[in-house]
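Structural description and commentary
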Amino acid sequence: MTRGELLAAVRTQRLPHHVALIMDGNGRWAERRGLPRVEGHRQGMQAAERLIRFVAEERLVPYLSLFAFSTENWNRPQEEVDYLLDLLARFIRERGDEFVEGGIRLRVLGAVEALPPSLQRTIAEIEARSRRGDVLDLAVGINFGGRWSIVEGARRAMALARSDALKPEELDEGAFARLLPTAGLPEPDLIVRTGEEKRISNFYLWEAAYSEFYFTSILWPDFDEDALLAAIQDFQGRRRRFGRVTP
Ligand code: FPP
């Protein structure tokens, strides 16, 4: 099938509202070619940029999440951490105008206060400038972790309780979800992980309660538009019951 045919086929069925991507395999992609790991990240960034453009131009889904840097990624060699943060800063700085013009709203999820101050400023600037984007809502996890996010929600709940703005018995699942850093994003319908491993690696935990998972051995730099469409097509064959008997 050509890309156009694949696209037409997925459009005949219910599309996911929110797709989240765990971009794994950059290092292996580079190592298999005898290249330094950072070259895999550079190619990985280009793959991410291509996909974002495709999803926005085709208005394929309204919400897209990318897990770019986890709370555990600080444990990598300093050189690689510096390269990744630099790459993300460049990504946001260089793509910022394109996002604003293309109606892409960027939000960065994560403990941004631990990031270099210049990156924090770049993030705040593009988030503010792209706020009215209504073509694609793009959430990028930087220094993000699912557990961090839940603890953050718990902290906010405690602060509200201390000031008597929230009583313990008022805190239900809906109220808690509204306190999470991911508030405002619909829960992901589909979580895709590239690069062979089959785990969530502390990405969306609370939000993934009813997500469908799709694992592919394709390494992230090779994950292209067709691969995304194939993942969506697989998702369209799933029966989502949300704990009920009938779909
Ligand atoms: C996993 O590969 C990838 C990462 C830790 C970083 C993901 C970052 C990018 C793709 C850069 C661009 C991101 C955006 C949003 C533009 P790995 O190093 O864990 O690969 P390995 O498992 O083969 O070692």
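Below is a short write-up of the structure. (Residues numbered from 1 in each chain as written. Predicted model: local features only at pLDDT ≥ 70, side-chain atom pairs only at ≥ 80, totals over all residues. Heavy atoms only, no water.)

Notes on the site of the ligand
Definition in use: Residues are labelled near a given molecule or strand when at least one of their non-hydrogen atoms is within 4 Å of it. Any N or O atom pair separated by 3.5 Å or less is treated as a polar contact, with the protein-specific requirement of one donor-capable and one acceptor-capable atom, and with residues adjacent in sequence counted only for side-chain atom pairs. Values of accessible area rely on a 1.4 Å probe in the Shrake-Rupley scheme; residue burial ignores everything except the protein chains shown. The secondary structure listing takes helices from DSSP runs of H or I that are at least 4 residues long and strands from runs of E that are at least 2 residues long, numbered from the N terminus. Note that Gly is not counted as nonpolar here; it falls among the polar residues with everything else outside the nonpolar set of Ala, Val, Leu, Ile, Met, Phe, Trp, Tyr, Cys and Pro and the charged set of Asp, Glu, Lys and Arg.
Around the ligand, 20 residues are found, and the nearest of them are Met23, Gly27, Arg28, Arg37 and Arg76. Contacts to the ligand include aspartate 24, whose side-chain N or O atom sits 3.0 Å from an oxygen atom. Contact distances for the ligand include 3.3 Å between an oxygen atom and a backbone N or O atom of glycine 25. Relative to its free-state accessible area of 610 Å², the ligand is covered by the protein chains to the extent of 92%. Of all elements in the fold, only α2 (26-31), α3 (37-58), β2 (63-70) and α4 (78-102) reach the threshold of two or more residues within the shell around the ligand. Among the elements that line the shell around the ligand, the one with the most residues is α3, at five residues. Looking at the shell around the ligand residue by residue, the class counts come to 10 nonpolar, six polar and four charged.

A look at the nonpolar core
Where we set the bar: Among the buried residues, those of types Ala, Val, Leu, Ile, Met, Phe, Trp, Tyr and Cys that are joined through side-chain atoms within 4.5 Å form a nonpolar core. Note on exposure labels: buried denotes an accessible area under 20% of the residue type's maximum, exposed denotes more than 50%, and partly exposed covers the range between, all computed with a 1.4 Å probe on protein chains only. Two residues qualify as a contact provided that any one of their heavy atoms is within 4.5 Å of a heavy atom in the partner residue.
Ranked by size, the top nonpolar core spans 52 residues in total, and within it Leu21, Ile52, Leu60, Ile92, Leu138 and Leu228 carry the most contacts. Broken down by element, the residue count for this core peaks at nine residues, all from α4. The contact partners of leucine 21, leaving out residues within four places of it in the chain, are Leu51, Leu64, Ser65, Leu66, Phe67, Val192, Phe203, Trp220, Phe223 and Leu228. If you look at the next biggest cluster of nonpolar residues, it comprises 14 residues, including Ile22, Tyr63, Ala139 and Ile191.

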